[in-house]
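So the chains spell out like this:
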Amino acid sequence: MANDNVIEAVGLTKRFGTFTAVDHISFSVGRGEIFGFLGANGAGKTTAMRMLCGLSRPTEGGAIVAGCNIVSQPEGVKRNIGYMSQRFSLYEDLSVKENIRLFAGIYRVKEREIAPRTETVLKRLGIYDERDTQVKRLPLGWKQKLAFSVAIFHEPKIVFLDEPTGGVDPVARRQFWEMIYEAVERGITVFVTTHYMDEAEYCDRVSIMVDGRIGALDTPGNLKWLYGAETMDEVFFRIARGAKRGE
Ligand code: ATP
């Protein structure tokens, strides 16, 4: 890539029939950034994210993600990214270790690297003693951390997280964010959607989608300054209140 951006999206658009879910969005994300992707329910976040992950083809426009074109090289995109969906895809009946092994295979991690990396991940997560426990027996906060570890097991250039901390308390959310920071330190870029405004504060830059478009994009500090707001909650409310799509 000529520059250091991990995402360059230009006019990215998705229509379902006559309905435009994502409407000509353009933005870039730099290497090592934590990029927050916010918006009310139905604003178009998941649809945009699925296109960026090479899982859905844009109707118009496009993007380069991790050096690959999402339209002409979707398989290249998939190899170079990690993705943790809202209903993260761990296998509940398999053990912690078996899940790691399975995803390592899917992401084509070299055989000789799987065992040592698994060891590192289990220790990092603090669940080494639970390695043979079935995933369904783990608390939700642990499952989320495991799903994240699995999504970055192959050390992708960027990881996409779709509401990764839904349903857990602020302490578990904070712990999850510590893992995000560690991943960033290892050079992984993070693209994250969230409904929690405390999490928006942890991002380097935040984009707020309104009815398929980007209503605002800047650092949390600049957004608060621009909108004369004390909190990101207030910024979000001001930008999103004009939205036609709603809860
Ligand atoms: P949430 O936070 O609720 O996940 P979101 O911002 O991720 O919301 P999307 O799931 O991207 O929003 O949906 C954007 C809009 O596109 C919604 O109005 C949704 O109903 C519509 N939509 C999404 N997928 C399809 C589809 N396959 N067919 C038709 N409409 C769709």
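Below you will find a few notes about this structure.

Calculation criteria
- Residues numbered from 1 in each chain as written.
- Predicted model: local features only at pLDDT ≥ 70, side-chain atom pairs only at ≥ 80, totals over all residues.
- Heavy atoms only, no water.
- Helix = DSSP H or I, 4+ residues; strand = E, 2+ residues; numbered from the N terminus.
- Expected span 1.5 Å × (residues − 1).
- Buried < 20%, exposed > 50% of the residue type's maximum accessible area, 1.4 Å probe, protein only.
- Pairing = 2+ DSSP bridges.
- Axes fitted to C-alpha atoms, helices over the stretch in contact; angles between N-to-C directions.
- Contact = heavy atoms within 4.5 Å.
- Parallel < 35°, antiparallel > 145°, perpendicular 65-115°, else oblique.
- Left-handed = near helix turned anticlockwise from the far one by under 90°.
- Nonpolar A, V, L, I, M, F, W, Y, C, P; charged D, E, K, R; others polar.
- Right-handed = clockwise from strand over helix to strand, strands pointing away.
- Near = heavy atom within 4 Å.
- Polar contact = N/O pair within 3.5 Å; in protein donor to acceptor, adjacent residues only side chain to side chain.
- Areas by Shrake-Rupley, 256 points an atom, 1.4 Å probe, with all protein chains shown as cover.

**Quick word on helix 4 (residues 111–125)**
- For helix 4, spanning 15 residues, the distance from its first C-alpha to its last is 22 Å, which sits close to the expected 21 Å at 1.5 Å a residue.
- Restricting attention to buried positions, one finds in helix 4 the residues Ile114, Thr118, Val121, Leu122 and Leu125.
- Immediately downstream of helix 4, the backbone of Gly126 shows phi near 70 degrees, a positive value.

**Brief notes about the sheet that holds strand 6 (residues 81–84)**
- Taken together, the six strands give an open sheet; going across it, the order is 6-7-8-3-9-10, and neighbouring strands pair in mixed fashion. Both outer strands of the open sheet, strand 6 and strand 10 (213–218), are each paired with one neighbouring strand and no more. The sheet shows a mean angle of 15 degrees between the axes of neighbouring strands, taken without regard to direction.
- Of the strand pairs in this sheet, strand 9 (residues 205–210) and strand 10 are connected by five bridges, and their pairing is antiparallel. The partner of Val210 across the bridge, within strand 10, is Arg213.
- Those strands touched by helix 1 (residues 45–52) are strand 3 (34–39), strand 6, strand 7 (158–162), strand 8 (189–193) and strand 9, and its axis lies near 155 degrees from that of strand 7.
- Contacts between helix 9 (residues 232–240) and the sheet are confined to strand 3, strand 9 and strand 10, with strand 9 contributing the most and set at about 30 degrees to the helix.

**Considering the packing of helix 3 (residues 96–106) against helix 4**
- Where helix 3 contacts helix 4, the axes come no closer than 10 Å and their chain directions differ by 135 degrees. One element, helix 3, and the other, helix 4, form an angle in the oblique class. The chirality of how helix 3 crosses helix 4 is right-handed. Touching Val96, Lys97, Ile100, Arg101 and Ala104 of helix 3 are Glu111, Ile114, Thr118, Val121 and Leu122, all from helix 4.
- The residue inventory of the contact of helix 3 with helix 4, partitioned by class, reads six nonpolar, one polar and three charged.

**With respect to the pairing of strand 7**
- Of all the five residues making up strand 7, five are buried; the element is thus mostly covered by neighbouring parts of the structure.
- Here strand 7 shows two buried faces, one formed by Ile158, Phe160 and Asp162 and the other by Val159 and Leu161.
- Bridge count for strand 6 against strand 7 is four bridges, and the pairing is parallel. Bridge assignment links Met84 to a residue of strand 7, and that residue is Leu161.
- Here five bridges tie strand 7 to strand 8, and the two strands are oriented parallel to one another. Note on strand 8: the bridge partner recorded for Val159 is Val190.
- Handedness of the crossover joining strand 7 and strand 8 through helix 6 (residues 170–185) is recorded here as right-handed.

**Remarks on the site of the ligand**
- Around the ligand, the surrounding shell holds 14 residues, and the nearest of these are Gly42, Gly44, Lys45, Thr46 and Thr47.
- A distance of 3.4 Å separates an oxygen atom of the ligand from a polar side-chain atom of Asn41.
- A distance of 2.8 Å is found between an oxygen atom of the ligand and a backbone nitrogen or oxygen belonging to Gly44.
- Considered on its own, the ligand offers 630 Å² of accessible surface; in the complex 60% of this is hidden by protein.
- Among the elements of the structure, strand 2 (19–30) and helix 1 are those that each provide at least two residues to the shell around the ligand.
- Tallied by class, residues from the shell around the ligand come to five nonpolar, seven polar and two charged.

Don't take any of this as a statement about function, it's just geometry.
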